[in-house]
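Examining the three-dimensional arrangement
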Amino acid sequence: MPASKKILYIDLDNTLVNFQSGIDRLTDGVREKYKNDLDEAPHIFSRMDPLDGAIDAYHQLAQQFDTYILSTAPWKNATAWHDKVLWVQEHLGMEEGSVAYKRLILSHHKHLNRGDYLVDDRGANGADRFEGDWIKFGSTEFPDWKTVTAHLSKLA
């Protein structure tokens, strides 16, 4: 029996997804209305592009790890929950057998998920209390997907 793969979680916002690209696509009126809580703007999550190298990195890491997307959707933005599913389906596939098929977890309590590694840009929503190793995306040590995949590939 082959050894089981280590469990890897990857965040969406500012990790796989370029959040700023969604902000840039909002109308001036919507941007002004939600200026203090841009993540609550309806459908902002449907307007976002992947970060450079993110999709290729996810595909590579999904071959080496038991990989899931672990993200938080704003509580006051019901469209975010829907749009995050659609984003994953559009960029990583929606068919059975695709790399992220039924591998999206939306939670405000990331620390409750058991696993070996979490790639996340912030310690919010329990990421800083995750029991495995937290790889802080965008940090000096892990500024991009190239450094993250090189590091994780050694640990697979």
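Structural data are supplied above this passage.
Residues numbered from 1 in each chain as written. Predicted model: local features only at pLDDT ≥ 70, side-chain atom pairs only at ≥ 80, totals over all residues. Heavy atoms only, no water.

Observations concerning the environment of Tyr117
Tracing the backbone through its elements, the reader meets Tyr117 in strand E6 (residues 117-120). A residue is classified by how much of its surface remains accessible, and Tyr117, at 6% relative accessible area, is buried. Remark: the alpha-carbon pair of Tyr117 and Arg129, spanning 12 residues in sequence, is separated by 12 Å. Beyond its immediate sequence surroundings of up to four residues, Tyr117 is in contact with Lys6, Ile7, Leu8, Tyr9, Phe65, Phe130, Asp133, Ile135, Leu152 and Leu155. (Helix = DSSP H or I, 4+ residues; strand = E, 2+ residues; numbered from the N terminus. Buried < 20%, exposed > 50% of the residue type's maximum accessible area, 1.4 Å probe, protein only. Contact = heavy atoms within 4.5 Å.)

Considering the sheet that holds strand E1 (residues 7-10)
An order of E5-E4-E1-E6-E7 is seen for the 5 strands of this open sheet, with the pairing classed as parallel. A strand with exactly one partner marks an edge of an open sheet, and here the two such strands are strand E5 (104-106) and strand E7 (133-136). Mean inter-strand twist for the sheet, computed between neighbouring axes without regard to direction, equals 25 degrees. With 4 bridges connecting them, E1 and strand E4 (residues 66-71) associate as parallel partners. Pairing of Tyr9 across the sheet is with Tyr68, part of E4. Contacting E1, E6 and E7, helix H5 (residues 145-155) crosses the sheet at an angle of about 180 degrees to E6. (Pairing = 2+ DSSP bridges. Axes fitted to C-alpha atoms, helices over the stretch in contact; angles between N-to-C directions.)

Brief notes about the pattern of salt bridges
If you walk through the whole model with that rule in mind, you get 8 salt bridges. Arg31 is paired through a salt bridge with Asp28; the nearest N and O atoms lie 2.9 Å apart. With a gap of 3 residues between them, Arg31 and Asp28 both fall in helix H2 (residues 28-33), about one helical turn apart. A relative accessible area of 26% places Arg31 in the partly exposed class. In this structure Asp28 comes out as exposed when scored by relative accessible area, which is 61%. Each of the salt bridges in this network shares a partner with another, and the network as a whole consists of Asp11, Lys110 and Asp120. (Salt bridge = Lys/Arg side-chain N within 4 Å of Asp/Glu carboxyl O.)

Re H5
The periodicity of an α-helix, 3.6 residues per turn, causes residues three or four places apart in sequence to face the same way. Restricting attention to buried positions, one finds in H5 the residues Trp145, Val148, Thr149 and Leu152. Buried residues along H5 cover an arc of 90 degrees about the axis, so they all sit on one side. Residues of H5 that are exposed and point more than 90 degrees away from the buried face comprise Lys146 and Lys154. Packed against the buried residues of H5 are E1, helix H3 (54-64), E6 and E7. You can read the cap of H5 off the contacts: a side-chain oxygen lies 3.3 Å from the backbone nitrogen of Lys146, and it is on Asp144. (Arc of directions from axis to C-beta. Polar contact = N/O pair within 3.5 Å; in protein donor to acceptor, adjacent residues only side chain to side chain.)

With respect to the environment of Arg25
Looking at the secondary structure, you find Arg25 in the loop between helix H1 (19-24) and H2. As for Arg25 and Leu104, which are separated by 79 residues in sequence, their C-alpha atoms are 24 Å apart. In contact with Arg25, not counting residues within four places along its chain, are Arg47, Met48 and Asp49.

Details of the environment of Leu92
As for its placement among the helices and strands, Leu92 is situated in helix H4 (residues 78-92). Owing to a relative accessible area of 5%, Leu92 belongs among the buried residues under this scheme. Sequence spacing of Leu92 and Ile55 is 37 residues, and the spatial spacing of their C-alpha atoms is 7.2 Å. Setting aside residues no more than four positions away along its own chain, Leu92 makes contact with Ile55, Tyr58, His59, Ile69, Ser98, Val99 and Ala100.

These results come straight from atomic positions and should not be treated as a statement about function.
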